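These are the residues of each chain, in order.
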Amino acid sequence: MVGTLRREDAGAEVRLAGWVHRRRDLGGLVFVDLRDRSGRIQLSFGPESTPPEVLDRARRLSAEDVVAVRGVVRERPAASVNPELPTGEVEVQVSALDVLAAAETPPIPVAASPGDELPAEELRLRYRYLDLRRDDLQRALALRHRALQVVRAHLSREGFYEIETPMLTRRTPEGARDYLVPSRVHPGEFYALPQSPQIYKQLLMVAGYDRYFQIARCLRDEDLRADRQPEFTQIDAEMSFVSEEDVFGVGERLMAALWREVLGVELELPFPRLTYREAIERYGTDKPDLRFGMEFLDVTDVLREADFRIFQETRGTGLRIRGIRAPGGAALSRKELDQLTDIAKAAGAAGALWVRRGDDGLAGQFAKALDGALAERFLARTGLEVGDLFVVVVGRYRLAPVVPESHEGTTDAHRLGGAEVALDALRRHLGDRLGLRDPSRHAWAWVTEFPLFEWDVEANRLVAAHHPFTSPLPQDVPVLERYTAEGPPSPEAARALFDEGLRSRAYDAVYNGNEMASGSIRIHDQALQRHVFRAIGLSEEEARAKFGFLLEAFRYGPPPHGGFAFGFDRLVMLLAGASSLRDVIAFPKTTAARALFEGAPSPVEARDLRELHIAVLDEKGS
RNA sequence: GGGGCGGUAGCUCAGCCGGUUAGAGUGCCGGUCUGUCACACCGGAGGUCGCGGGUUCGAGUCCCGUCCGCCCCGCCA
């Protein structure tokens, strides 16, 4: 391994092989940087150690040739040491050189110079095997390997079995679009590739494998993003006879092992827990970045008194005035302050309003509307200090308390918000701008008690927020039972049930504002499961048709169980400090789900289609 | 499905209000060079301006369509 040579190796006769990284031809002397997975070493070719014909061949080497050399490790002259390189104190004086494979000039450079822009992503994917030779991708995949080993070792140590589940499986009725695989032997029938091993892991619990995990490939046919690939990897785990706290313990010890082994960082355990309601009310999102404060503050009652039309118009409505205090934000330029409105508008709010506290008091958009006493109350409420900025967004907030004097005909306002999205965007923007999102901090948390149901506006019905096997919170079960005692509720009753805001035993793990994992305690009680199916409008027959095999299994002694799935690619991306999933996956797809190297997907011969009983509609022609 | 940005030499990019011979850096090729490490210096080759159509005396530049890549919204139980 070329990258491991050190001063202690001086004098050793070595045989090395690798790729020509760079060549520096000084005439009588030739230097070649030899590269393999372990790093680089300088080869020197000079008259005192190198036969003339070898020197001549070295002079004709070009980038990415594969060579084998024999030579002696020497300490470099003191003036020629390269402190940038781990092997910089030594070099190999070459006596013999074999060109194992010559390389054409690569279409994208492997040996990038400092300050060089990376080649276009299209080319990097087209010539992936060259891109993968680059340092940062080598590092990322090495890190990925280490992370995989840590996960396997840690979960094994905690008593988990690694069990593989099928890739050719049954279509799932809800959720993302499935990738389908036609069956040759069963005309007109299809397998689906798994979106996750969800049902299998529950079956494994029924089967008594009470601690299961898998590094699972999951496939979803949905449109992509920088942090979303059509095939991705999850750390999937499930365990029996557990409550939330047991699951959290496993998850956070696993993350602690990863951060320790990969980054050398000791995470603080246990992770803080906060409920979904708390997260939404304090940060406006279910994945808050907890590296900094700037929590939402409800100032509706104070600012309503101000002589300011926008504030006064909230009287008698469900509209709230909420804001965040940005410490030191008063230093922002006028241009940056104007930008805040754009950010709020882009996030769907009407705008943002701000005041700042300078040495001579409040200034800003609604400062004049705050007279002496009101200003006192405002300052007392917000804790605004000299140098601080306070930004408010007026609008409907998710989970805001119902206002008795509200004249609105619907209760939408308190469940379906919108303004919190804008204020969250402002919080994150200001957090960035004020340097509060410290990359060296590691703020994990469990967000618990996610809503059990969501409301599908188009279909006018309830849908399971996580998945239909997610257990409701015990305190909320009586409410559920009340609505579903007689069978599926009417659309009106379903809507009323949604407004009850039932909570579930579903949870997420959140890290620095990223959703890293989700999971839940599942339903193992058949009667309770029936109530949930009824609530989302599934009759017994439909439920059996869709989830029959799982329900059948649950007739034969299902243990209480629950688990989690961490997004492994995303974990590696953050551990590696990469900004795209594509940089931590060896062979990723483009945003149009194409594989540029091998050229997938591709058309297939009519004969092959016939064998699969498939006819392709010509949608592009005509 | 929708919106935004981009596609010019092998690579990264510049190219003004449409104007006559499309440039730079780097890489590549040739040469000089015994301590370089982004070697240096000298010289040279290298272009389907993504593709198709249109406007125009004239299109890399303007218009329409289309393909590809990236980012975002929808979507992702």
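Computed from a predicted model, the values in this text were never measured in an experiment.

### With respect to unusual backbone geometry
For step 1, the next point in the chain: With an omega of -5°, the peptide bond running from Leu269 to Pro270 counts as cis.
For step 2, the next point in the chain: Here Pro270 shows up in the loop between helix H6 (244–263) and strand E11 (273–275).
For step 3, the next point in the chain: Backbone geometry places Glu64, a non-glycine residue, at a positive phi of 75°.
For step 4, the next point in the chain: Structurally, Glu64 is set in the loop between helix H1 (52–59) and strand E4 (66–75).
For step 5, the next point in the chain: Assessed through its relative accessible area of 3%, Glu64 is described here as buried.
For step 6, the next point in the chain: A positive phi angle, close to 65°, is found at His613, a residue other than glycine.
For step 7, the next point in the chain: By secondary structure assignment, the location of His613 is in the segment after helix H19 (606–611).
For step 8, the next point in the chain: With a relative accessible area of 40%, His613 lands in the partly exposed category.

### Digging into the protein's contact with RNA strand B
For step 1, the next point in the chain: In the region of RNA strand B, 47 residues are neighbours, and Asp25, Ser80, Ala120, His466 and Thr591 sit closest.
For step 2, the next point in the chain: For RNA strand B, the fraction of atoms within 4 Å of the protein that belong to sugar or phosphate moieties is 53%.
For step 3, the next point in the chain: Separating a phosphate oxygen of RNA strand B from a backbone N or O atom of Gly28 is a distance of 3.0 Å.
For step 4, the next point in the chain: Taking Arg228, its side chain carries an N or O atom lying 2.8 Å from a base nitrogen of RNA strand B.
For step 5, the next point in the chain: Counting residues per element, the ones that place at least two in the surface near RNA strand B are strand E1 (13–25) and helix H2 (121–126).
For step 6, the next point in the chain: Here the surface near RNA strand B is built from residues that sort into 19 nonpolar, 13 polar and 15 charged.

### A short note on helix H5 (residues 198–206)
For step 1, the next point in the chain: With 7 of 9 residues buried, H5 is to be regarded as a mostly interior element.
For step 2, the next point in the chain: Residues of H5 that are buried in the fold lie against strand E9 (211–219), strand E10 (231–240), helix H17 (540–553) and strand E22 (561–567).
For step 3, the next point in the chain: Of the residues one or two after H5, Gly208 is the one with positive phi, at around 95°.

### Things to note about the nonpolar core
For step 1, the next point in the chain: Met255, Leu258, Trp259, Trp444, Phe566 and Leu571 are the most contacted members of the largest nonpolar core, which totals 45 residues.
For step 2, the next point in the chain: In terms of residue count, the dominant contributor to this core is H6 (10 residues).
For step 3, the next point in the chain: Counting 27 residues, the second largest nonpolar core, distinct from the first, contains Leu462, Leu480, Val532 and Leu550.

### Section: the sheet that holds strand E15 (residues 361–364)
The strands making up a sheet associate through backbone hydrogen bonding, with each pair oriented either parallel or antiparallel.
For step 1, the next point in the chain: Sheet architecture is open: 5 strands sit in the order E12-E13-E16-E14-E15, paired in antiparallel fashion. Whereas interior strands pair on both sides, the edge strands pair on one side only; in this sheet they are strand E12 (297–298) and E15.
For step 2, the next point in the chain: Where strand E13 (residues 320–326) lies against strand E16 (residues 389–395), 7 bridges are found, and the strand directions are antiparallel. Counterpart to Arg320 in the pairing with E16 is Gly395.

### Some points on the pattern of salt bridges
For step 1, the next point in the chain: For the coordinates displayed, the defined rule picks out 45 salt bridges.
For step 2, the next point in the chain: One salt bridge in this structure joins Lys201 and Asp236, with 2.8 Å as the shortest N-O distance. A residue pair is termed long-range when its members are at least 10 positions apart, and Lys201 in helix H5 and Asp236 in strand E10 qualify at 35 residues.
For step 3, the next point in the chain: On the accessibility criterion, Asp236 (1% relative accessible area) is buried.

### Quick look at the packing of aromatic side chains
For step 1, the next point in the chain: Throughout the structure, instances matching the rule amount to 24 aromatic pairs.
For step 2, the next point in the chain: Both rings, one in Tyr127 and one in Tyr129, keep their centres 6.5 Å apart while their planes meet at 85°; by these two values the pair is edge-to-face.
For step 3, the next point in the chain: A relative accessible area of 39% places Tyr129 in the partly exposed class.
For step 4, the next point in the chain: Ring geometry for Phe533 versus Phe547: centroids 5.6 Å apart, planes at 5°, classification stacked. Residue Phe533 is located in helix H16 (residues 526–535), and its partner Phe547 is located in helix H17; the two are separated by 14 residues in the primary sequence. Take Phe533 and Phe547: they sit in the same class, and that class is buried.
For step 5, the next point in the chain: Among the aromatic residues, those joined into a ring-pair cluster are Phe248, Trp259, Phe271, Trp444, Trp446, Tyr507, Tyr511, Phe564 and Phe566.
For step 6, the next point in the chain: Over the face of the ring belonging to Tyr127 we find Arg126, whose NZ or CZ atom lies 4.8 Å from the ring centre.
For step 7, the next point in the chain: The ring of Trp455 has Arg495 sitting right over it, with the charged end atom 5.2 Å from the ring centre.

### Brief notes about the sheet that holds strand E21 (residues 514–521)
For step 1, the next point in the chain: Taking strand neighbours across the sheet as the criterion, the 8 strands line up as E6-E9-E10-E22-E21-E20-E17-E11 in an open arrangement whose pairing is mixed. If you trace the sheet from one side to the other, it starts and ends with strand E6 (161–162) and E11, each paired once.
For step 2, the next point in the chain: As judged from the 2 bridges shared by E6 and E9, these two strands associate in the parallel manner. Considered in E9, the bridge of Glu162 is made with Phe213.

### Digging into the pairing of strand E18 (residues 453–456)
For step 1, the next point in the chain: Of the two faces of E18, only one is covered, namely that formed by Phe453 and Trp455; the face formed by Glu454 and Asp456 stays uncovered.
For step 2, the next point in the chain: Counting the residues in the hairpin turn of E18 and strand E19 (residues 461–464) gives 4 residues, including Asn460, whose phi is positive at 55°.

### Looking at the pairing of E19
For step 1, the next point in the chain: In the sheet, E18 pairs with E19 via 4 bridges, with the strands oriented antiparallel. Note that in E19 the partner of Asp456 across the bridge is Arg461.

Reading guide: rules and limits
- Residues numbered from 1 in each chain as written.
- Chains lettered and ligands numbered in written order.
- Predicted model: local features only at pLDDT ≥ 70, side-chain atom pairs only at ≥ 80, totals over all residues.
- Heavy atoms only, no water.
- Helix = DSSP H or I, 4+ residues; strand = E, 2+ residues; numbered from the N terminus.
- Buried < 20%, exposed > 50% of the residue type's maximum accessible area, 1.4 Å probe, protein only.
- Near = heavy atom within 4 Å.
- Polar contact = N/O pair within 3.5 Å; in protein donor to acceptor, adjacent residues only side chain to side chain.
- Nonpolar A, V, L, I, M, F, W, Y, C, P; charged D, E, K, R; others polar.
- Contact = heavy atoms within 4.5 Å.
- Core = buried A, V, L, I, M, F, W, Y, C linked by side-chain atoms within 4.5 Å.
- Pairing = 2+ DSSP bridges.
- Salt bridge = Lys/Arg side-chain N within 4 Å of Asp/Glu carboxyl O.
- Phe/Tyr/Trp six-rings, centres within 6.5 Å; stacked < 30°, edge-to-face > 60°.
- Lys NZ or Arg CZ within 6 Å of the ring centre and 35° of its normal.

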